[in-house]
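# Examining the three-dimensional arrangement
As a plain string of letters, each chain reads:
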Amino acid sequence: MNIAIILIILLVGAILTYLSGNRWAPKVAMLFAIITAIFSIALLLEYHNTGTNFSVQWINSPSVMFSLKADGLSLIMVLLTSVLLPIILLTAVSHTVPYEKLLYSLILFMAFAMTGVFLSSDALLYYVFWELSLIPIYFIVVLWGNGSMSKRRRSALTFFIYTFAGSLFMLGAIIYLYTKTGSFQLEALYNANLSDTEQLWIFLAFFFAYAIKIPIFPFHTWQANVYQKAPLVGTLLLGALMSKMALYSALRWQLPIAPHAAHGMQTVVLTLSIIGVIYGSIVALKQDNLKRFFAYASLAHVGFIAAGIYALTLDGLQGAVLLMVAHGFGVVGLFFGSEVIYRRFNTPLISQMGGIKGQAPKFTIAFFLMIMASIAIPLSFNFVGEMTIMYGLYQVSIWYTVLIGTSMFLGAFFMLHMYQLVMLGEVRKKPFADLTVNEGLVFILLAAVLLFFGLYSKPIVDLVSPSLQEILMYVNR
Amino acid sequence: METGLVLLLLIFPLVGFLINLSVGKKIGRSLPGIIATAAVTGSFIISLFYFIQILSTGEAIEVHLFEWVAFGEFSVNLAFVLDQLSLLWLLVVTGIGALIHIYSIGYMHDDENVDRFFSYLNLFIFFMIVLVTANNLLVMFIGWEGVGLCSYLLIGFWYKNQQFNDAAKKAFIMNRIGDLGFLTGVFTLAYLFKTVDFATLKLALSTTTTPETSALLGVAAFCLFIGAMGKSAQIPLYTWLPDAMAGPTPVSALIHAATMVTAGIFMITRLNFLFDLTPDIQYFIAIIGAVTALFAASIGIVQTDIKKVLAYSTVSQLGLMFLALGLGAYQIAVFHVITHAFFKACLFLGSGSVIHAMGGEQDMRKMGGLKGVMSITYITFLVSTLSISGIPPFAGFFSKDEIMLVAFQNSPILWVVAMLASLLTAFYMFRVLYLTFFKEFRGTAEQKKHLHESPFSMTIPLIVLGVLATVGGLISLPFGYSWLNNYLSPIFSGSGAAEAHGFSTEQMVFMGVSTLIALIGMSLAYYKYMTKSTVPEEDEKITGFAKVLYNKYYIDEIYNAIFIKPIYAMANFFKNVVESIITGVVFGFALIAKGLSAPAKALQNGSVGFYLSFFVVAFCLLIICLFLV
Amino acid sequence: MLDILEQVGINNYIYLSTLLFCVGVLGILYRRSTIVMLMSVELMLAAANLLLAVFSVYHQDVSGQVFVIFAMAVAAAEVAVGLAILVSIYRNIGSIDIDKLKNLKG
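Residues numbered from 1 in each chain as written. Chains lettered and ligands numbered in written order. Predicted model: local features only at pLDDT ≥ 70, side-chain atom pairs only at ≥ 80, totals over all residues.

### What about the overall build of chain A?
Spelled out, the test is: Under the DSSP-based scheme used, a helix requires at least four consecutive residues in state H or I and a strand at least two consecutive residues in state E, with every element numbered from the N terminus. Atoms considered for the radius of gyration are the C-alpha atoms alone. The globule rule reads 2.2 Å times the number of residues to the power 0.38. For every residue, the other C-beta atoms within 10 Å of its own C-beta are counted; 20 or more classify it as buried, 12 or fewer as exposed, and values in between as partly exposed. C-beta atoms are placed from the backbone. Residues are defined as contacting one another if the C-beta atoms placed from their backbone atoms lie within 7 Å.
Scanning chain A from N- to C-terminus turns up 20 helices and 2 strands. Taken against the 2.2 N^0.38 rule, which gives 23 Å for 477 residues, the C-alpha radius of gyration of chain A at 21 Å falls within 12% of a compact globule. For chain A, the C-alpha atoms occupy an extent of roughly 70 × 55 × 45 Å along the three principal directions. Going through the 477 residues of chain A one by one, you find that 60% of them count as buried. Residue pairs in contact within chain A that sit at least 24 positions apart in sequence constitute 82% of those at least 6 positions apart.

Written out as structure tokens, the structure is:
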């Protein structure tokens with residue numbers, strides 16, 4: 001099976017969703033999302049037999065190939081996108097908004113662009129997809145966001161320009177690599193003979209692009225604003241998928257192309273990642289807006305993943321991939337929880353919540369499970385990821401493990417602090433209806449995934465391990 | 001078959017948990033308790049079956065399910081083992097667990113969320129079984145964190161009270177600090193030996209000892225001990241345990257006295273082969289244990305909340321167990337865990353019975369004279385008090401005496417500290433007894449009318465535990481007649497310090513001294529609270545050192561000042577200052593671009609005439625440049 | 001045609017068209033009424049066309065004259081469009097004074 005088919009389905013889906021009109025748009029989008037999920041699972045099954053490549057010439061001069069390649073690492077990210085997509089759509093369907101056809105079409109388009117990022121093996125093609133993914137999310141935030149128009153426009157514009165500026169450094173690096181090797185192909189770039197200075201600059205250029213998008217401290221200031229201003233689907237696309245796009249890119253492009261610089265800069269980037277983890281955990285304590293709170297929680301978690309990647313050990317990378325997937329699902333649960341509360345209480349402020357446990361037992365269980373997963377209680381998927389990362393870091397230095405491990409109790413501290421304020425205490429006067437079927441379904445799906453892989457993560461490890469070993473081989477050459 | 005039966009051990013409480021969680025609300029008030037009790041009893045019966053089996057065969061049973069976590073160099077199976085140690089603990093956990101479940105049926109009968117209570121209790125039993133049957137450190141960690149989670153849920157069971165929620169949160173977070181230590185220790189071992197299996201580790205440790213590894217072993221042992229500190233409430237991570245008394249009393253009995261808090265002792269006993277190789281850490285453990293024992297006991301003598309006294313007593317007793325562990329006397333520590341489980345569970349349940357009768361009152365200053373009304377509670381409480389104080393022939397005497405002996409043999413200073421702790425223990429325990437059950441009733445008239453002996457579901461567990469607290473010492477008699485030592489010998493690497501010793505006058509003298517100390521404590525309490533009929537003063541009137549003790553040496557306040565407040569201050573600082581600075585820098589770039597554009601912007605003034613003139617002038621200049629230059 | 005050109009002298013033609021062009025330029029620069037400016041532009045265009053025709057004759061190449069015809073046709077269209085724009089501006093703003101048309105200022 002041709003892997004381009006997933007891209008085609010998503011693009012066609014985006015167009016058809018727009019054409020189908022407001023009434024049918026959610027259903028058409030959901031249909032295409034499910035078809036995508038089915039095809040990517042089929043791709044996974046086929047993958048074990050044959051490798052999956054697809055390549056045609058796109059531009060003759062400079063030589064740009066429309067070349068896609070799916071190894072285990074790409075596949076797991078495509079799977080994450082395509083499985084999360086129906087769930088993200090499910091969080092939105094029960095909630096009508098104006099111009100639905102455009103919204104759903106943009107969501108599918110965004111998935112298209114991100115899938116392109118995960119699959120492309122040509123640097124310029126990759127860059128095109130990378131930037132393409134920025135356009136839909138900008139409009140989603142501006143058109144359907146929360147708060148006043150001018151404010152959300154400002155946040156979205158800041159985000160757009162900020163990440164765009166970072167990406168330009170990456171484009172510069174890609175063009176420089178082209179002048180050195182005469183090709184944009186991944187393999188050629190891996191094998192480019194770069195001096196240590198060149199590697200350092202290229203590493204930094206990539207790092208700017210990724211550090212802003214992941215985000216790593218201190219490049220994170222756009223995050224809380226945009227997460228807060230974006231509508232739920234926007235936040236989910238950003239938090240669950242777009243940050244993974246940058247993390248994936250660091251694995252795929254940054255480390256193998258500039259391995260010596262990766263080793264040389266390890267202390268710096270690891271320190272920044274770990275500062276992000278601790279900083280996010282502490283700042284979250286004082287956030288009164290629930291979405292901002294989760295944004296900072298997310299900052300801590302992606303910092304954890306970044307630390308795993310820059311540990312440059314097999315366990316670190318493996319843990320990072322596991323935690324990427326786990327965090328993708330977990331963050332959907334957390335933000336959806338905040339949305340469920342918002343829909344009922346009509347306020348995003350933690351100080352105005354409380355006592356929900358007495359009114360909505362089902363929601364309490366669901367929300368508690370998500371919180372437990374996010375603080376990595378054993379048997380949750382997040383635990384497997386975090387623990388593997390911590391062991392990966394241990395191989396670098398015990399101090400990194402201990403420092404990043406502080407998130408075990410700092411994370412528990414801010415999460416339980418929030419849980420106590422939001423869910424516990426005396427029942428408030430405001431009514432709080434328990435979960436609807438749609439909402440319950442989202443939580444059940446998420447919890448099932450998190451628990452299953454928490455018990456049995458072997459399939460994912462087996463899938464990504466060869467790719468990661470290959471990457472490590474380049475990194476340690 | 002074998003696998004299935006072992007798994008059933010785990011499945012029973014898990015199913016009980018799921019049933020009560022999903023349909024508990026619909027099946028009435030009494031059924032959840034019965035289901036939960038049945039589940040735990042089922043596990044108890046299976047444990048008993050395997051216990052009897054291992055008594056005859058002596059062979060451990062291992063069960064491997066599937067690969068759970070895969071690291072680059074090794075993988076970890078979800079695997080369980082039933083050996084002498086885990087079976088012993090299983091019996092304690094499920095046995096006392098079942099008794100406390102029965103007790104809870106009566107105690108929690110009026111609570112509207114009784115189904116949730118029992119589902120959490122079953123979940124706790126599940127995780128506890130995972131903890132004690134784990135075949136490797138990471139599976140043990142599942143149970144280790146899982147019981148912490150259940151402890152959080154049960155301490156904050158009455159979730160409408162935010163103070164209880166605070167206590168629950170505190171317990172969870174302090175436990176997690178320990179858990180970080182635990183994980184770091186596990187990683188150190190994994191890094192050294194590429195395995196976390198107990199059996200493989202034991203083998204590896206018995207063969208390899210280079211100087212480098214032994215340094216790392218010290219790190220591993222130290223980190224693991226931090227884990228034990230958190231879970232078993234040792235200095236400096238003990239402050240959560242007294243606060244944890246916010247939970248319902250059966251929870252305090254089960255989790256915060258008999259089972260969960262002994263997990264640290266279990267873990268160190270399990271890893272005895274590691275700790276034997278790190279004498280420095282062992283000595284450190286012994287010191288921490290002894291200091292905790294004395295420290296907590298000294299706080300206990302002035303507390304007026306009946307559960308708080310018992311909580312500090314638990315911390316103190318756990319300290320004694322760690323003292324034994326640190327001195328390499330693992331089986332003595334285990335022995336004391338067991339006897340402690342009996343008498344402390346009995347004491348807690350007794351106090352629960354009293355609180356139940358008093359309508360929720362926990363302040364001993366408002367009790368008194370309950371002996372007449374609640375005779376069963378009184379008798380069991382008395383027996384347990386005698387047992388914990390170390391009066392022969394009750395169970396506590398034997399285990400405590402062995403700890404004292406081994407302490408004296410190793411270090412007289414530690415022995416003195418431990419002796420002081422047990423003097424204080426005898427004092428405050430009898431203080432509780434006298435204040436609660438003797439003299440006049442000091443509560444309100446309404447409470448007095450309400451006083452009653454608890455129902456059978458509560459008194460039967462009390463009686464059973466009272467009997468156990470009396471005869472529990474039989475499992476490890478002195479003078480070499482210890483069944484426990486023989487039973488546990490396959491677990492230890494053989495170098496254990498407390499080998500069977502014959503009948504000796506030295507030990508006889510020791511027993512005499514221990515008993516004498518206990519009697520002194522008892523007499524002091526009698527003199528103060530019976531002869532002089534003192535009643536502890538109101539909070540405001542307490543002065544001097546007693547005030548420091550009453551306020552627990554202000555440790556909570558100190559922790560608050562040096563940890564919690566700075567964290568919040570940092571959160572504020574980060575939120576208001578650092579965020580603004582970073583945002584400022586980012587926007588600074590935008591502002592620089594804006595500033596650079598200002599002169600160029602002035603040219604774009606909108607006047608077409610100006611544009612045209614500019615155009616013509618520029619064009620002329622261009623022409624001139626082209627042709628003249 | 002060439003003989004007429006030789007009689008008058010090509011220099012004079014160049015002077016004339018330069019003069020015309022400068023008149024156009026000055027008209028654009030100094031007049032504020034957009035219609036007059038449009039007329040000045042036409043003047044400049046005429047100057048250019050004249051020069052084009054002159055050189056076309058001078059070089060005996062017809063294509064220059066063809067271009068002149070083209071340019072005039074385009075200029076006519078341009079004037080039509082320009083005037084239409086001016087009318088619409090006048091309708092909207094009530095003036096065609098160039099100094100008042102500043103809506104596009106950045």
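After that view of the structure, there is still more to cover.
### Structural notes on the overall build of chain C
For chain C, the helix and strand inventory stands at 4 helices and 0 strands. Counting from the amino terminus, chain C carries its helices and strands in the arrangement α-α-α-α. In terms of C-alpha radius of gyration, chain C reaches 17 Å, well past the compact-globule figure of 13 Å for 106 residues. Taking all 106 residues of chain C together, the buried fraction comes to 10%. Sequence-distant contacts, at least 24 apart, represent 49% of the contacts inside chain C between residues at least 6 apart.

### So, the interface of chain B and chain A
On the chain A side, the residues contacting the 40 residues of chain B number 43 residues. Residue assignment for the side of chain B that touches chain A shows that the elements contributing at least two residues are β1 (61–70), α5 (137–155), α6 (162–193) and α24 (555–603) of chain B. Top contributing element to the side of chain B that touches chain A by residue count: α6(B), with 14 residues.

### A look at the environment of V68(C)
All names here are of chain C. For V68, the position within the fold is in helix α4 (residues 63–93). Taking the C-beta count within 10 Å as the criterion, V68 has 19 such neighbours and is therefore assigned partly exposed. Considering only alpha carbons, one finds V68 and R31, 37 residues apart in sequence, at a separation of 27 Å. When residues no more than four places from it in sequence are discounted, the contact partners of V68 are N49, L52 and A53.

### Some thoughts on the interface of chain B and chain C
Our working definition: Amino acids are sorted into nonpolar (Ala, Val, Leu, Ile, Met, Phe, Trp, Tyr, Cys and Pro), charged (Asp, Glu, Lys and Arg) and polar (every other residue, Gly among them).
In this assembly, 10 residues from chain B lie in contact with 10 residues from chain C. No other element matches helix α25 (residues 608–628) of chain B, which puts 5 residues into the side of chain B that touches chain C. Tallied by class, the residues present in the side of chain B that touches chain C amount to 3 nonpolar, 6 polar and 1 charged.

### Some points on helix α8 (residues 211–231) of chain B
Residues and elements named next belong to chain B. Basically, it comes down to this: Multiplying one less than the number of residues by 1.5 Å gives the expected span of a helix.
Between its first and last C-alpha, α8 extends 31 Å over 21 residues, near the 30 Å set by a 1.5 Å rise per residue. Listing the buried residues of α8 in full gives L217, A220, A221, C223, L224, F225, I226, G227, A228, M229, G230 and K231. A positive phi of about 55° marks A233, the residue just after α8.

### Observations concerning the nonpolar core
The nonpolar side chains of a soluble globular protein tend to be buried with one another. Heads up, the rule is: Structurally, a nonpolar core is described as a collection of buried Ala, Val, Leu, Ile, Met, Phe, Trp, Tyr and Cys residues joined by way of C-beta atoms within 7 Å.
Within the largest apolar cluster, 421 residues are counted, with the highest numbers of intra-cluster contacts made by L247(A), L323(B), A345(B) and A418(B). When sequence neighbours within four positions are dropped, the list of residues in contact with L247(A) reads I214(A), V302(A), I305(A), A306(A), I309(A), A320(A) and M324(A). With 5 residues, the next largest nonpolar core counts I28(C), M37(C), L38(C) and I98(C) among its residues.

### So, the packing of helix α1 (residues 2–23) of chain B against helix α4 (residues 114–133) of chain B
All names here are of chain B. Operational definition: All axes here are fitted lines through C-alpha atoms, helices being fitted over the stretch that makes contact, and every angle between N-to-C directions spans 0 to 180 degrees. Orientation labels follow simple angle bins: below 35 degrees gives roughly parallel, above 145 gives roughly antiparallel, 65 to 115 gives roughly perpendicular, and whatever is left gives oblique. Handedness of a crossing follows from how the near helix is turned relative to the far one, being left-handed for an anticlockwise turn of less than a right angle and right-handed for a clockwise one.
It is at 8 Å that the axes of α1 and α4 come closest, and there the two elements cross at 160°. Overall, the two elements α1 and α4 adopt an arrangement that is roughly antiparallel. In this structure, α1 crosses over α4, and the sense of that crossing is left-handed. Contacts between α1 and α4 involve L9, L10, P13, L14, G16, F17, N20 and L21 from the former and D115, F118, S119, N122, L123, I125, F126, I129 and V130 from the latter. Looking at the contact of α1 with α4, its residues break down into 12 nonpolar, 4 polar and 1 charged.

### Some points on the pairing of strand β2 (residues 75–82) of chain B
Rules: At least two DSSP bridges between two strands are required for those strands to pair.
Where burial is concerned, most of β2(B) is hidden: 6 out of the 8 residues are buried. In sequence, β1(B) turns back onto β2(B) through a hairpin of 4 residues.

### Thoughts on the confidence of the model for chain C
Under the convention used in this document: The predictor's confidence in any single residue is recorded as pLDDT, a number from 0 to 100.
Taken as a whole, chain C shows an average pLDDT of 88; of its residues, 97% reach a score of 70 or greater. Scored by ipTM, the complex comes to 0.92, with pTM at 0.89.

### What to know about the UniProt feature "transmembrane region" (unreviewed entry) in chain C
Residue and element names in this part refer to chain C. Quick note on the threshold: UniProt positions are given in the numbering used here, feature names are shortened, and annotations may be inferred rather than shown by experiment.
Per the UniProt record, "transmembrane region" (unreviewed entry) is annotated on residues 12–30, 37–58 and 64–90. A helix fraction of 100% and a strand fraction of 0% characterise residues 12–30, whose end C-alpha atoms lie 27 Å from each other. For residues 37–58, the helix share is 100%, the strand share is 0%, and the end-to-end C-alpha distance is 32 Å.

### Looking at the environment of K532(B)
Residues and elements named next belong to chain B. Residue position: K532 is located in the loop between α22 (505–531) and α23 (544–550). The exposure class of K532 is exposed, given the 8 C-beta atoms found within 10 Å. Each C-alpha atom, one on K532 and one on V63, is 61 Å from the other, the two residues being 469 residues apart in sequence.

### Brief notes about helix α20 (residues 458–475) of chain A
Note the cut-off: Bending is quantified residue by residue as the angle between axes fitted to the seven-residue window ending at that residue and the seven-residue window starting at it.
If you check α20(A), its first and last C-alpha atoms are 24 Å apart, about what 18 residues at 1.5 Å a residue would give, namely 26 Å. The axis of α20(A) is deflected most strongly, by about 40°, at S465(A), and proline P466(A) appears within four residues downstream. Taken together, the buried positions of α20(A) are I460(A), V461(A), V464(A), S467(A), L468(A), I471(A) and V475(A). Where α20(A) is buried, its residues contact α3 (72–93), α11 (232–257), α12 (259–264), α15 (314–345) and α19 (437–455) of chain A together with β1 of chain B.

### With respect to the environment of M114(A)
Residue and element names in this part refer to chain A. Tracing the backbone shows M114 in helix α4 (residues 100–119). Considered as a pair, M114 and L102 are 12 residues apart in the sequence and their alpha carbons are 18 Å apart. Apart from residues lying up to four places away in sequence, M114 is in contact with T81, S133, L241, M242 and M245.

### Here we look at the packing of helix α6 (residues 134–144) of chain A against α11(A)
All names here are of chain A. Closest axis-to-axis distance for the α6/α11 pair is 9 Å, and the angle between their directions is 145°. Mapping the contact onto sequence places I137, I140 and V141 in α6 and V233, G234, L237, L238 and M242 in α11. Counted by class, the contact of α6 with α11 contains 7 nonpolar, 1 polar and no charged residues.

### A word on the arrangement of the chains
Ranking the 2 pairs of chains in contact by contact count places chains A and B at the top. Across the gap from chain A to chain C, with no contact made, the nearest C-alpha atoms are 19 Å apart.

### Observations regarding unusual backbone geometry
Residue I214(A) is joined to P215(A) through a cis peptide bond whose omega torsion reads -10°. In this fold, P215(A) is placed in the loop between α9 (196–213) and α10 (221–229). Cis geometry is found at the peptide bond from I235(B) to P236(B), where omega equals 5°. Locating P236(B) in the fold gives a position in the loop between α8 and α9 (240–243). Here K439(B), not a glycine, exhibits a phi torsion of approximately 60°, which is positive. You can see K439(B) is positioned in the loop between α18 (412–437) and α19 (445–450). Given 17 C-beta atoms within a 10 Å radius, K439(B) is considered partly exposed.

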